[in-house]
Amino acid sequence: MAHAGEQAAGDGSGLAPATVAVAVVIAGSAAVIVVQLLRSILLRVAGIYSTPKRGQRPAAAQHASTTPGTGLKSLMKQAALAKRAAGPDFVPDSELHLASLRSTTGAVLGLAWSADGDALAAATDGGSLQGASDVAFGAGPSSLAVLTRGEGGAPAVTLLTLPRGPHGDPEPAWTRHGAHAAANEGRCLEASAGSKAGYPIIISSSNKTDIHVYSGTGEDLGTIDTGGFENYAAAVSSDGRWVAAATFTNDIYEVAFDRQGTFTGLHKAMALKGHAARVLALAFSPDLGRCATASADGTLRLWNIGVRYALAEDPKLLATARLPLALDPKLRARLAWGAGGVIALSNGHRLAFFDEAGADLLASVPDAHTAPIAALAWCPGRLTALERPTWTLATGGGDARVRLWRSPERSAGRRV
Ligand SMILES: *[C@@H]1O[C@H](CO)[C@@H](O)[C@H](O)[C@H]1NC(C)=O
């Protein structure tokens, strides 16, 4: 077993060992980064990078000692130095950029933070079909769902139980083969924090019109056909109640349970009516009452979905913002709604931030990555590894980088 830190130590931006398909960066309060290689042939899952809580001894100090200076603070310092020295790596020209991590296994296709904000998982294409398309945390920080690209076959969903310490391999808790037809590509994997039944709802979307719904315990809850032509993105609300896809028809489906918490079915509940062209990205608000959509019609819209849909009430439009640039439908667009009240949107190399109140544009970074951005994920709480606790966004892209960004300040009048 090799430690990725040995490879990474001389290069502050390089965190990933050479065989990583899924990397887990534990960044809750960075001091050192403990690296571990995991050897699951099934998934080629590889690294867990962890930093102990402040003031706590690293779980495996001998590993930590092999990675001097790869804490988040030092990464930031190195990023700043690299910026000044115009080093070989591209450093985004934005005061919001905090740090960049390098994936040595190709494009970063998916990102997910654990609910406690201590772990960030990245799915990388692995340089082959055996990579992962997306990741999502299930119940707890040691439960990681992975959408694999299929070994010459169809995409599959696997729930891994990650080892607690820096030793051991992840154990597959369950695998569902054939999540999508072999001819289709897995595109999005998302998990809710819970549901009426207690378990998280895990949804997996292909690039066609199907979304597969699983319980966190591995039960197959069914498939939704979203109609239209192609799912550009899919999302599940954090309470596990609503599922929606960004596509031509913008319907919201309910994952329904009876009073006893027994699953009763998947139903079409609401339609978001108003965009003049297809919706390319979509996100639910962490406070559950709202939804954001970004469309090829050049607008971002915020919706109130806390309506009496059973009485055929439609979601109410709360705000419409003109996008700083038209979205290119050939490039992936992603939306992420952070608990700090800021909504992030990416398309191509560009990253933009909007205030959840009124959808005002707060900041725009034209060149956030040197290749199209594929994934966005807000840390669910303020990242405590920094000088002061900060709302933090992670982005991943085709340039094999994960970048961390500080949230822009919300306009004073809007702050709650
Ligand atoms: C979906 O992915 C498959 C496999 O990569 C590809 O052949 C197909 O054209 C894609 N379909 C759409 C609608 O993008």
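Quantities reported herein were computed from a predicted structural model and do not represent experimental measurements.

A. Structural view of the overall build of the protein. A count of helices and strands for the protein gives three helices and 29 strands. By residue count, 59% of the 416 residues in the protein fall in the buried class. Put simply, of all contacts in the protein between residues at least 6 apart along the chain, 50% involve residues at least 24 apart. Accessible area for the protein stands at about 16,400 Å²; split by element, carbon and sulfur atoms hold 52% of it.

B. How the structure looks around the site of the ligand. Around the ligand, the neighbouring residues are Ala183, Glu185, Asn207 and Glu230. Here an oxygen atom of the ligand and a side-chain polar atom of Glu185 are 2.7 Å apart. Here the ligand loses 54% of its free accessible area of 360 Å² to cover by the protein chains. When its residues are assigned to classes, the shell around the ligand shows one nonpolar, one polar and two charged.

C. Expanded view of unusual backbone geometry. One non-glycine residue with positive phi stands out, namely Ala359, at about 60°. In this structure, Ala359 sits in the loop between strand S25 (350-355) and strand S26 (361-365).

D. Expanded view of the pattern of salt bridges. The final tally for this structure, using the stated rule, is 11 salt bridges. Notably, a salt bridge pairs Lys330 with Asp328, separated by 3.8 Å at the nearest N-O pair. Residue Lys330 is classed as exposed on the basis of its relative accessible area, which comes to 76%. A relative accessible area of 25% places Asp328 in the partly exposed class. As a salt-bridge pair, Arg410 and Asp355 come within 2.7 Å of each other at their nearest N and O atoms. Of this pair, Arg410 sits in the segment after strand S29 (401-406) while Asp355 sits in strand S25, and the two are 55 residues apart along the sequence. Via salt bridges that share partners, Asp287, Arg290 and Glu356 belong to a single interconnected network.

E. A look at the environment of His180. Note on placement: His180 falls in the loop between strand S10 (171-176) and strand S11 (186-191). Measuring from C-alpha to C-alpha, the distance between His180 and Ser206 comes to 6.3 Å, with 26 residues separating the pair along the chain. Ignoring sequence-local partners within four residues, the contact set of His180 consists of Ala154, Pro155, Gly186, Ser204, Ser205, Ser206, Asp210 and His212. In this structure the side chain of His180 is engaged in a polar contact, spanning 2.5 Å, whose partner is the side chain of Ser204.

F. Local environment of the sheet that holds strand S28 (residues 392-397). Spatial ordering of the open sheet is given by S4-S29-S28-S27, a layout of four strands whose pairing is antiparallel. The strands lining the two open edges of the sheet, one partner per strand, are strand S4 (97-102) and strand S27 (373-378). Taking the axes of each pair of neighbouring strands and ignoring which way they run, one obtains an average angle of 20° across the sheet. As paired elements, S4 and S29 share five bridges and run antiparallel to each other.

G. Broad picture of the UniProt feature "repeat: WD" (unreviewed entry) in the protein. As recorded in UniProt, the sites labelled "repeat: WD" (unreviewed entry) are residues 272-305. Between the C-alpha atoms that bound residues 272-305 there is a distance of 9 Å. The span itself is 0% helix and 53% strand.

H. Examining the nonpolar core more closely. Ile201, Phe284, Leu300, Ile305 and Leu335 are the most contacted members of the largest nonpolar core, which totals 52 residues. At six residues, strand S19 (residues 279-284) tops the list of elements feeding residues into this core. Residues within four places of Leu335 in sequence aside, it is in contact with Ala281, Leu282, Ala283, Ala292, Thr293, Ala294, Leu300, Ile343, Ala344, Leu345 and Leu376. In this structure, Ala344, Val365, Leu376 and Trp405 belong to the second largest nonpolar core, which totals 15 residues.

I. Spatial organisation of the side chain of Arg290. Looking at where Arg290 falls in the secondary structure, it is placed in strand S20 (residues 290-295). Judged by relative accessible area, Arg290 falls into the buried class, the value being 16%.

J. Layout of the pairing of strand S13 (residues 210-215). Among the six residues in S13, six count as buried, and that is most of the element. Both faces of S13 are covered, namely the face carrying Asp210, His212 and Tyr214 and the face carrying Ile211, Val213 and Ser215. Bridge count for strand S12 (residues 201-206) against S13 is five bridges, and the pairing is antiparallel. Counted as the bridge partner of Ile201 is Ser215 from S13. Connecting S12 to the next strand, S13, in antiparallel fashion are three residues. If you look at the hairpin formed by S13 and strand S14 (residues 220-225), you'll find four residues sitting between the two strands, and Gly218 has a positive phi there, around 100°.

Scoring rules and cut-offs
Residues numbered from 1 in each chain as written. Predicted model: local features only at pLDDT ≥ 70, side-chain atom pairs only at ≥ 80, totals over all residues. Heavy atoms only, no water. Helix = DSSP H or I, 4+ residues; strand = E, 2+ residues; numbered from the N terminus. Buried < 20%, exposed > 50% of the residue type's maximum accessible area, 1.4 Å probe, protein only. Contact = heavy atoms within 4.5 Å. Areas by Shrake-Rupley, 256 points an atom, 1.4 Å probe, with all protein chains shown as cover. Near = heavy atom within 4 Å. Polar contact = N/O pair within 3.5 Å; in protein donor to acceptor, adjacent residues only side chain to side chain. Nonpolar A, V, L, I, M, F, W, Y, C, P; charged D, E, K, R; others polar. Salt bridge = Lys/Arg side-chain N within 4 Å of Asp/Glu carboxyl O. Pairing = 2+ DSSP bridges. Axes fitted to C-alpha atoms, helices over the stretch in contact; angles between N-to-C directions. UniProt positions renumbered as here; feature names shortened; annotations may be inferred. Core = buried A, V, L, I, M, F, W, Y, C linked by side-chain atoms within 4.5 Å.

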